[in-house]
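Analysis of the macromolecular model
Residue-level listing of the chains:
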Amino acid sequence: MELFFKLEAGYLGIGLFALLITLFVTSRPFMSKGSVKKGLIFMGPAIAMFIGMHYFVTSDRINTVETTFEEGGKVVCESRMIRKVAQSVTIEKSNEWTLQNHMFSSPNYSRKFFSARCIKYIPVVL
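Residues numbered from 1 in each chain as written. Predicted model: local features only at pLDDT ≥ 70, side-chain atom pairs only at ≥ 80, totals over all residues. Heavy atoms only, no water.

**What to know about the pairing of strand β2 (residues 88-91)**
Going by this rule: Relative accessible area decides the class of each residue, using a 1.4 Å probe on protein chains only: under 20% of the type maximum gives buried, over 50% gives exposed, and in between gives partly exposed. Each helix is a run of DSSP H or I of at least 4 residues and each strand a run of E of at least 2, with the numbering of both proceeding from the N terminus. Think of it this way: DSSP has to see at least two bridges between two strands before they count as a pair.
Side-chain alternation along β2 places Val89 and Ile91 on a buried face and Ser88 and Thr90 on a face that remains uncovered. Note: strand β1 (residues 75-78) against β2, four bridges, orientation antiparallel. When the bridges of β2 are listed, Val76 appears paired with Thr90.

Following this line, the structure appears as structure tokens:
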């Protein structure tokens, strides 16, 4: 459950904001009777479905990335530290990277990477 809140906290906040906007708009005097109920019945499940889908896609990507890393494959993570050059970092077990609690770290690199923000490396063949 902790991982769910780490991954979806921003989207839960956006969803709550959308529900509050729906509640505010549908409770105005110019709206028809019953529009509050209809609006919340439509928006609540829609937001829950989108957040749930995002969680399942992200958790599947985490499992793929971590399995690839443990099997000795390459993983690519975005580096936001340097914006002009080298915007991605290739992570491999053979280059002294370790994985603990969904975080990649290396004694040779100054920052850690959350596995949810990484992808499995797939070489391009032309």
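Don't stop here, the text continues.
**Observations concerning the packing of helix α1 (residues 2-26) against helix α2 (residues 35-70)**
Think of two packed helices as two axes; the pair is described by the angle between the axes and how far apart they sit. Counted only if it meets this: For helices, the axis comes from a line fit to the C-alpha atoms of the stretch in contact; other axes are also lines fit to C-alpha atoms, and the angle between any two N-to-C directions lies between 0 and 180 degrees. Note on terminology: angles under 35 degrees are roughly parallel, angles over 145 are roughly antiparallel, angles of 65 to 115 are roughly perpendicular, and the others are oblique. Rotating anticlockwise by less than a right angle from the far helix to the near helix defines a left-handed crossing, while the corresponding clockwise rotation defines a right-handed one. The contact criterion used throughout is that any non-hydrogen atoms of two residues lie within 4.5 Å. Each residue is assigned to one class: nonpolar for Ala, Val, Leu, Ile, Met, Phe, Trp, Tyr, Cys and Pro, charged for Asp, Glu, Lys and Arg, and polar for all the others, Gly among them.
Running from N to C, α1 and α2 cross one another at 165°; their axes reach a closest spacing of 10 Å. Comparing their axes, α2 and α1 come out roughly antiparallel. Crossing geometry of α1 relative to α2 is assigned as right-handed. Where α1 abuts α2, its residues Leu3, Phe4, Leu7, Glu8, Tyr11, Leu12, Gly15, Ala18, Leu19, Thr22, Leu23 and Thr26 lie against Ser35, Val36, Gly39, Leu40, Met43, Gly44, Ile47, Ile51, His54, Tyr55, Thr58 and Ile62. Tallied by class, the residues present in the contact of α1 with α2 amount to 15 nonpolar, eight polar and one charged.

**Details of the sheet that holds strand β4 (residues 103-105)**
Taken in spatial order, the three strands of this open sheet run β3-β4-β5, and their pairing is antiparallel. Each edge of the sheet is formed by a strand with only one pairing partner; in this case those strands are β3 (98-100) and β5 (113-114). Strand direction decides the pairing type here: β3 and β4, joined by three bridges, are antiparallel. In the strand pairing of β4, Leu99 is matched with Phe104. Strands β3 and β4 of the sheet are contacted by α2, whose axis makes an angle of about 140° with β3.

**Some points on α1**
Operational definition: Residue count minus one, scaled by 1.5 Å, sets the expected span of a helix. Two axes enter the definition of the bend at a residue: one is fitted to the seven residues ending there, the other to the seven starting there, and the bend is the angle between them.
The end-to-end C-alpha distance of α1, which contains 25 residues, comes to 34 Å, matching closely the 36 Å that a straight helix rising 1.5 Å per residue would cover. When the local axis directions of α1 are compared, the greatest deviation, roughly 65°, occurs at Glu8. Among the residues of α1, Phe4, Leu7, Glu8, Gly15, Thr22 and Thr26 are the ones counted as buried. In this fold, the buried residues of α1 make contact with α2 and β5.

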